[in-house]
Amino acid sequence: MVNDLNPARIEVRDAALKVQDDFMRKDQAIKIQYASKYAGVANYWKKWIGERKGLIKANAVGAKQVFEKDLTDKIIQAGKQAEYGNLLADFATNYAAIKDYAIARDYYTEVVLRNTEILSFGYRLFQLEQVYNSKGEQAFNDRKKNVMEAFEPLYKDFNAQVDEKVFEKLIAIYSKKSPQQFLPESVIGIDATQLATDIFKSSRLTSYAGLKELLSGDAKTVLERLNQDKGFAFVKTLAEAYNKNVAPKYDEINLKNMATQRTYMKAILELSPKSARIFPDANSTLRVTYGKVKGYKPSDAVLYTPFTYLDGVIEKYVPGDYEFDVPQKLIDLYNAKDYGKYADNGKMPVAFIATNHTTGGNSGSPALDANGNLIGLNFDRVWEGTMSDVYYSPDICRNIMVDTRYILFIIDKYAGAKNLIEEMKIIYNQPNTPKNKGK
């Protein structure tokens, strides 16, 4: 993750985001088309950058090695070498064997399936062809109808001009950085600019009308037409090479790793003292996580305090910017310091951080104080803390919550929805009154 996989994923998404951002800043229509997609691409891009930074800063690899040495000593002391003695050696063998396949898998997934739309469109049609080959014409026709319906909203927010530039940048990366031994010979060293021009000039995949034309007719006609389309043909070349050269071996080695992981966990549970605190992974069940409001130091001589205020929103204000614009009414409320009952010493709290261990899927979770009062809603993690899925460090892992006072301020003063405020039981902390009294 530190040296290979995350850098590969980050590089691909960084290139795609730069292209999209450039178009979005110049064209309002494109901004509307791509706003949601851009946010989705950026979400994991930011996660992987922060994850890598956090793992390095916390020396997670070193901590894991210390843990593994301790486990090895326990295995020897317990006389369990026959059962567990080869665990770490097996991991080392498997990870060395899977490395190139895992890198190739991530480049393929990021370039072909996720971030170049014409390639992801083409891949879905490649899957349609596989349905015909494996299940026949009736299954093909049934799937074709579903595909046609699913594509219509996708093309609504598709811009061929943007995607051509994304295609050009990402195929250049793919042809140079993905392990060469698994790529089709025709892709290695390819002129990505010329290829992009050729495909986007002639392929029917660049519009919904073209797609419908490709898919009109019986199965034989459709498949003949698809295979004559340059866009589809290129995706098919990539997909067939991946399915032949990468996927089977990756799955084979990964299954070995999964079996070894189960034995590894069994050894940890068996050889740890009964007093050890071993926490289960998140498994889609209801979870409660405990923590304290607390700042942290992301780097030397830098300290992040736990609370942010509306002052910070105004500091970042860039008129007309699609990320940092601020509504005039909010600016007016700020200038008048009209915060109602929700201010804290004359300032409007916006968000706060704490030591709670959260993960993907926890966004929107209620944050409760010791008395069970709703004080915020969880929505993010600090950048370096995204590594907590892999390694939790109490020094830098922090979750981020929007402050309930800001939520109420927006409902009441900004939106004027006092009817909603009246429906709630709101406990105001009055000056010089102990907070645990609930007054």
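Note that residues are indexed from 1 along each chain, following the sequence as it is written. Only residues with pLDDT of at least 70 get local features here, since the model is predicted, and only at 80 or more are side-chain atom pairs given and counted; chain-wide, interface and lining totals rely on the full set of residues. Only heavy atoms go into the side-chain values, all of them from the structure, while hydrogens and water stay out.

Peer 1: Account for empty space enclosed by the protein, naming residues and giving values.
Peer 2: Cavity: a set of points on a 1 Å grid over the protein atoms alone where a 1.4 Å probe fits but cannot get out. Pocket: an open set with protein on both sides within 12 Å along at least five of seven lines, its lining residues, like those of a cavity, having an atom within 4 Å of a point. Grid points are joined across faces, edges and corners, and a volume is the space filled by probe spheres set on the points. In total, this model carries one cavity of 30 Å³ or more according to the counting rule given. The calculated volume of the largest cavity comes to roughly 60 Å³. Lining the largest cavity, in full, are Ala 104, Tyr 174, Ser 178, Phe 182, Leu 183, Pro 184, Leu 238, Ala 241, Tyr 242 and Val 246. Broken down by element, the lining of the largest cavity gets its largest block of residues, three residues, from helix α12 (residues 230–245). Under the scheme used here, helices are H or I runs from DSSP no shorter than 4 residues and strands are E runs no shorter than 2 residues, and both carry numbers assigned from the N terminus.

Peer 1: I'd like a rundown of the environment of Ala 233, residues and numbers included.
Peer 2: Within the secondary structure, Ala 233 is located in helix α12. Taking the C-alpha atoms as reference, Ala 233 lies 55 Å from Leu 368; in sequence the two are 135 residues apart.

Peer 1: Give me the lowdown on the environment of Ile 10, citing residues and values where you can.
Peer 2: Its location among the elements puts Ile 10 in helix α1 (residues 5–26). Along the chain, Ile 10 and Lys 47 lie 37 residues apart, while their C-alpha atoms are 9.4 Å from each other. Residues count as neighbours in contact if any of their non-hydrogen atoms are within 4.5 Å of one another. Contact partners of Ile 10, with chain neighbours within four places excluded, come to Trp 45, Trp 48 and Ile 49.

Peer 1: Mind laying out the pattern of salt bridges, listing which residues take part and the relevant values?
Peer 2: In the sections that follow, a salt bridge refers to a side-chain nitrogen of Lys or Arg positioned within 4 Å of a carboxyl oxygen of Asp or Glu. The final tally for this structure, using the stated rule, is 31 salt bridges. Put simply, Glu 129 and Lys 236 hold a salt bridge, and the shortest N to O gap is 3.2 Å. In this pair, Glu 129 sits in helix α6 (residues 117–135) while Lys 236 sits in helix α12, placing the two residues 107 residues apart along the sequence. Here the two residues Glu 129 and Lys 236 agree in accessibility, since each one is buried. Here Lys 413 ties to Asp 338 by a salt bridge, and the two come within 3.1 Å at their closest N and O atoms. Residue burial is assigned from relative accessible area. The probe radius is 1.4 Å, only protein chains are included, and a residue is buried under 20% of its type maximum, exposed over 50%, and partly exposed in between.

Peer 1: Residue-level account of the packing of aromatic side chains, with values.
Peer 2: Only Phe, Tyr and Trp rings take part, Trp by its six-membered ring, and two of them pair if their centres are within 6.5 Å. Stacked means planes under 30 degrees apart, edge-to-face means over 60, and tilted covers everything else. Applying the stated criterion to the full structure yields 20 aromatic pairs. Taking the centre distance of 4.7 Å and the plane angle of 45° together, the rings of Phe 121 and Tyr 155 count as tilted. Note that Phe 121 is positioned in helix α6 and Tyr 155 in helix α7 (residues 137–156), a separation of 34 residues in sequence. Measuring from ring centre to ring centre gives 5.9 Å for Tyr 155 and Tyr 208, while their planes differ by 45°; the resulting arrangement is tilted. One end of the pair, Tyr 155, is in helix α7; the other, Tyr 208, is in helix α10 (residues 208–214), and 53 residues separate them in sequence. Summarising the burial analysis for this pair, Tyr 155 and Tyr 208 share the class buried. Aromatic ring contacts, followed pair by pair, group Phe 121, Phe 151, Tyr 155, Phe 158 and Tyr 208 into a single cluster. Directly above the ring of Trp 383 sits Lys 53, whose terminal nitrogen or CZ lies 4.7 Å from the centroid. Counting as a charge over the ring demands two things of the Lys NZ or Arg CZ atom: a distance within 6 Å of the ring centre and an angle within 35 degrees of the ring normal.

Peer 1: Explain a nonpolar patch on the surface residue by residue, including any values.
Peer 2: Think of a patch as exposed residues, more than 30% relative accessible area, with no salt bridge, where like charges cluster within 9 Å and nonpolar side chains (Val, Leu, Ile, Met, Phe, Trp, Tyr) cluster within 5 Å. Each accessible area is a Shrake-Rupley estimate made with a 1.4 Å probe; only the visible protein chains count as cover when residues are assessed. Residues Met 265, Leu 269 and Ile 278 make up a contiguous nonpolar surface patch of roughly 250 Å² in combined accessible area. If you trace the backbone, Met 265 turns up in helix α13 (residues 247–271).

Peer 1: Go over the sheet that holds strand β7 (residues 399–403) with me, naming the residues and quoting the values.
Peer 2: Taken together, the five strands give an open sheet; going across it, the order is β3-β4-β7-β6-β5, and neighbouring strands pair in antiparallel fashion. Two strands in the sheet have a free side with no partner beyond their single neighbour: β3 (307–309) and β5 (366–368). Sheet twist, expressed as the average angle between the axes of neighbouring strands with direction ignored, equals 35°. Any two strands are treated as partners once DSSP identifies two or more bridges connecting them. Looking at chain direction, strand β4 (residues 349–354) and β7 are connected through four bridges and run antiparallel. Bridging across to β7, Phe 352 finds its partner in Met 401. Lines fitted to C-alpha atoms define the axes, with helix axes restricted to the stretch in contact, and inter-axis angles between N-to-C directions lie between 0 and 180 degrees. Relative to β7, helix α16 (residues 404–414) is tilted by about 35°, and along the sheet it contacts β3, β4, β6 (374–381) and β7.

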